[in-house]
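Residues per chain, in single letters:
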Amino acid sequence: MMRNTILFFCVVIFGAWVSAQKMPVSYDFGEKFGDRYRYSNLLTIDNDGNGGYILVRAYFQGLILKPKGYFIEHYNSDLELVDEFNYKLKGRNFVDGFLKDGKINLLFLDYNYERGQYEYWVHQSPINGFDFTSKRLLSLSSEAVNNPVGKNYYNRNFSKGFTTAILFNKEKTGFVISTHHKKGKQNKHIIHLYDTNLNKRFEHDFSYGVEEKNYAFENLAISEDLETAYIVGKAYFKKKRFRVEERRFQYELIKVSKNGSQIQSFDDPGKYSEALYPIVFQDRLVCTGFYADRKDNRYNGVAFFDVNPISLEIKSKKYNPFSQQFMEDKFGREDDKVIKNLVFKSVEVSPNNEIFFNAEEYFVTNSLQSTGAGQRVKIERFHHNDIVSAKLDSDGNSVWIRNINKAEVTQGDGAYASYSSYIKDGKTYFFICTAAENPQLINNERLIFKQGLSRNRNVFLISLDEAGKMDYEKIIDDKEARLPLMVSKPLKNADHSNMLFYAKRGTKKQLVKVSFL
């Protein structure tokens, strides 16, 4: 009798909890662990292949903080810390990292002053019994320049003499290294494709493409056989004359394989493509993103191009202007407002070939700040503002486009700012970590999240259902989440419908797992 009574009350309590909580999620906190490195950046987080997780951080020490090495943490499936390793490596310029077949791969770009060349290196170690070895992937003779790695979305500088970029595809099955070297009349642009077993699939001389334009590559898709790369980037015109308000570039799709390369542009009269993203699925090649009605930097809607993956011929195109609902989401009833600076965060294709994509309003500002000793230093501030989310049907028609207002600015580690998203059963979910207690809700639809001032952070989950209807809920209170989550750098486990977040402040750290029910 007593056992049945207890069971009855447990069912009642659980039922009350389910009815009280709108969002279909649960969460688990790992144990808090001490950490010797107060200052660090999370570089990569991945599954270890046995239900556990591997994290790699770069750490900094000294009166003037300088990178001193890489700290690796190994957790089991219960979020327990089972191993740590300090890879003491100074003077290297980290570019990216990934986990493959039980091995950690850290990619670096270094300058060899004795040989006068830039060199890409990979440092590799098994996750069971850490033992790093290094291997040079490629090298290129050049004079040393400041900040050769290009990842500035709006003002790329091609006058340095050497620029390079590395792009992974969404599935992390391969990556492209682009190297562009200019000296006198020499103008060489080489594209290299590697799989994540570190085999070079091909090397292509793209120098003919840079005779009239400079390319800033942004997004990459790779064919399933890893033999063809589809790269989208801005092509900056070198010799054309422009009015002050005009943009000096166009977006292009470059198909590259061992057999050569092809180029496709997308602009039409009165329609200028912005921030395109390539997607390869079911023998299709699609590019989607935004477009502008004028040759300036404002966006007017969502664009969709269905492209022949062999010839790059555009088979069909759709231009979906921002709806009245979207404009009211963003600006309320105000008129003549500008939408710009949107950067892709994620793209997903549903089993029905519907396309979900999310972007963020991102930009950088600079100012001079007094040090108190009569000096003024330049300060960079990174702004992570509104979320733009869209759902397109398989033919590229807009199902809905929504805007979520938020305002975040940081001078340091951007992992704590921005957001992450998850698509499940036709619904889009957004995780936001903020010190604000509640968002502003205007007319039951317009959400505005502000940064807040508290050290502790609440975790909000925002949802857009199949029809684009918006809802939200605070899922983790700041009294529970005593450590702030690195909300923009999660590990998505689609097979197990969960998201893993790293939480850290000072000398304390823990993992937080959020599972979809």
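Residues numbered from 1 in each chain as written. Predicted model: local features only at pLDDT ≥ 70, side-chain atom pairs only at ≥ 80, totals over all residues. Heavy atoms only, no water.

**Comments concerning the sheet that holds strand 27 (residues 420–424)**
Turning to step 1, where the next piece is worked out: Spatial strand order, 27-28-31-32: four strands in an open sheet with antiparallel pairing. Each of the sheet's edge strands pairs with one partner strand only, and the pair in question is strand 27 and strand 32 (470–476). If you compare each strand with its neighbour and ignore which way they point, the axes differ by 25° on average. (Pairing = 2+ DSSP bridges. Helix = DSSP H or I, 4+ residues; strand = E, 2+ residues; numbered from the N terminus. Axes fitted to C-alpha atoms, helices over the stretch in contact; angles between N-to-C directions.)

**Topic: the sheet that holds strand 21 (residues 301–307)**
Turning to step 1, where the next piece is worked out: Pairing is antiparallel across the open sheet formed by four strands, whose spatial order is 19-20-21-22. Only two strands of the sheet have a single partner each, and these edge strands are strand 19 (272–281) and strand 22 (314–321). Recorded for the sheet is a direction-independent mean angle of 20° between the axes of neighbouring strands.

**Notes on the pairing of strand 14 (residues 200–205)**
Turning to step 1, where the next piece is worked out: Across five bridges, the pairing between strand 13 (residues 186–195) and strand 14 is antiparallel. Paired with Ile191 across the two strands is His204, which belongs to strand 14.
Turning to step 2, where the next piece is worked out: Counting the residues between successive antiparallel strands, the hairpin from strand 13 to strand 14 contains four residues, one of them, Leu198, with a positive phi of roughly 70°.

**A word on the side chain of Asn112**
Turning to step 1, where the next piece is worked out: With respect to the helices and strands, the residue Asn112 is situated in strand 8 (residues 103–112).
Turning to step 2, where the next piece is worked out: A polar contact of 3.1 Å, which involves the side chain of Asn112, links it to the backbone nitrogen of Glu114.
Turning to step 3, where the next piece is worked out: In contact with Asn112, not counting residues within four places along its chain, are Gln117 and Glu119. (Polar contact = N/O pair within 3.5 Å; in protein donor to acceptor, adjacent residues only side chain to side chain. Contact = heavy atoms within 4.5 Å.)

**A few points about the pattern of salt bridges**
Where charged atoms from two side chains of opposite charge come close, those side chains can pair.
Turning to step 1, where the next piece is worked out: What the rule picks out here adds up to 30 salt bridges.
Turning to step 2, where the next piece is worked out: In this structure, Lys479 and Asp478 form a salt bridge, with 4.0 Å as the shortest nitrogen-oxygen distance.
Turning to step 3, where the next piece is worked out: Connected via shared salt-bridge partners are Asp35, Arg36, Arg57, Glu73, Glu84, Lys504 and Lys509. (Salt bridge = Lys/Arg side-chain N within 4 Å of Asp/Glu carboxyl O.)

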